[in-house]
Amino acid sequence: MTTFPFWKLHGTGNDFVLTEASVADDPVWPDLARRVCDRHFGVGADGLIFVLPSQVADRRMRIFNPDGSEAEMCGNGIRCFVKYVLDRGIVTAPDGVLTVETGAGVLEARATRDAAGRVDTVRVSLGPPRFRPQDIGALVEAPAPVMDLPLTAAGEPLRLNLVSMGNPHAVAFLDAPPAAFDLERVGPAVEHDPLFAHRTNFEVARVLDRDHVEMRVWERGAGITLACGTGAAAVVVAGRLHGLVNDSVEVRVPGGPLRLDWDGAGDVYLEGPAVKVFESVWEDAE
């Protein structure tokens, strides 16, 4: 029987199951993620996150998608991770600052707390964006950054902007509202297009003004989600490279607003809420 205590949390509607693990790896984790994340027969989540010891940071984060694949990083997930480890007292950080080892490197986060001392908002450095095709797993011969790359997916003509935030992103800017875009049909076609050696996350976005962008996302291994922190970062990076947005931008996703900061060099910063939904114990006989 597999039994473990967990918390369910969300960051702007992007929801996760978090639990501690004492081992660095376990072959059952991909299958466990598929079962735990199932919204009918499991807890229901956009990812299963393990809190692990680290030799190079305060703690290590590993995240598995609902299809069992492992993601390098997750911007909303790391905010939930920070809340979990601080609110549970796993890490003591009086100033709210801690480091997290991820598949995209060691990242620094700063938490703010409410009147009861619980974490309610987290600002995290996502590291610098990367633009080489090999960083994104894009099988294309083109100089970096790869901007306005033409691709037709599921019959939809797109112009993609490729950005790695430690995980791969393909961003398409629209003139119409993202809500009107057929993401359920086009999203999987972009994710699995042969152009991307390791699949990709796919964002559709519309610039409202230089300080506001609206966005929807098809996440690799998860499908449509209410938010994607690294996806919002990729959108802002691509928008700034095109000269469409300022250094600080509010990105409106279906789950709510996120704040992104990038001055054109160095790290991208993401700020948003982290909310505990409930805690329980997972038990099954498999």
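An account of the accompanying structure is given in this report.

### Quick notes on the overall build of the protein
- From N to C terminus, the protein includes five helices and 18 strands.
- Its C-alpha atoms give the protein a radius of gyration of 18 Å, within 12% of the compact-globule value 19 Å for 286 residues.
- With the C-alpha coordinates of the protein rotated into their principal frame, the extents come out at 50 × 40 × 35 Å.
- Within the span of the protein, comprising 286 residues, buried residues form 53% of the whole.
- At a minimum sequence separation of 6, the contacts of the protein that also span at least 24 residues come to 62%.
- Taken as a whole, the protein presents about 11,800 Å² of accessible surface, with 50% of it coming from carbon and sulfur.
- Positive and negative side-chain charges in the protein, numbering 27 and 41 respectively, have mean positions lying 2 Å apart.

### So, the pattern of salt bridges
- Applying the stated criterion across every chain yields a total of 23 salt bridges.
- Here Glu-70 makes a salt bridge to Arg-62, at a shortest N to O gap of 2.7 Å.
- A residue is classified by how much of its surface remains accessible, and Arg-62, at 9% relative accessible area, is buried.
- Note that Asp-114 and Arg-118 form a salt bridge whose closest N and O atoms lie 3.6 Å from each other.
- A relative accessible area of 28% means that Asp-114 is categorised as partly exposed.
- Because the salt bridges share partners, they merge into one network encompassing Lys-8, Asp-15, Arg-39 and Asp-46.

### Observations concerning the packing of aromatic side chains
- Going through the model one piece at a time under the given rule, you end up with eight aromatic pairs.
- Relative to Phe-6, the ring of Phe-4 lies with its centre 6.4 Å away and its plane at 65°, an arrangement referred to as edge-to-face. We note that Phe-4, like Phe-6, is buried.
- These aromatic residues form a ring-pair network of at least three members: Phe-4, Phe-6, Phe-278 and Trp-282.
- We note Arg-240 situated over the ring of Trp-262; from NZ or CZ to the ring centre the distance is 6.0 Å.

### Quick word on the side chain of Asn-14
- Structurally, Asn-14 is set in strand E2 (residues 14–20).
- Under the relative-accessibility criterion, Asn-14 is labelled buried at 1%.
- Separated by 2.8 Å, the side chains of Asn-14 and Asp-46 make a polar contact.
- Leave out the neighbours within four places in its chain, and Asn-14 touches Leu-9, Asp-46, Cys-74, Asn-76, Glu-219, Thr-225, Ala-227 and Cys-228.

Parameters at a glance
- Residues numbered from 1 in each chain as written.
- Predicted model: local features only at pLDDT ≥ 70, side-chain atom pairs only at ≥ 80, totals over all residues.
- Heavy atoms only, no water.
- Helix = DSSP H or I, 4+ residues; strand = E, 2+ residues; numbered from the N terminus.
- Rg over C-alpha atoms; globule rule 2.2 N^0.38 Å.
- Buried < 20%, exposed > 50% of the residue type's maximum accessible area, 1.4 Å probe, protein only.
- Contact = heavy atoms within 4.5 Å.
- Areas by Shrake-Rupley, 256 points an atom, 1.4 Å probe, with all protein chains shown as cover.
- Lys, Arg positive; Asp, Glu negative; His and termini not counted.
- Charge placed at Lys NZ, Arg CZ, Asp CG, Glu CD.
- Salt bridge = Lys/Arg side-chain N within 4 Å of Asp/Glu carboxyl O.
- Phe/Tyr/Trp six-rings, centres within 6.5 Å; stacked < 30°, edge-to-face > 60°.
- Lys NZ or Arg CZ within 6 Å of the ring centre and 35° of its normal.
- Polar contact = N/O pair within 3.5 Å; in protein donor to acceptor, adjacent residues only side chain to side chain.

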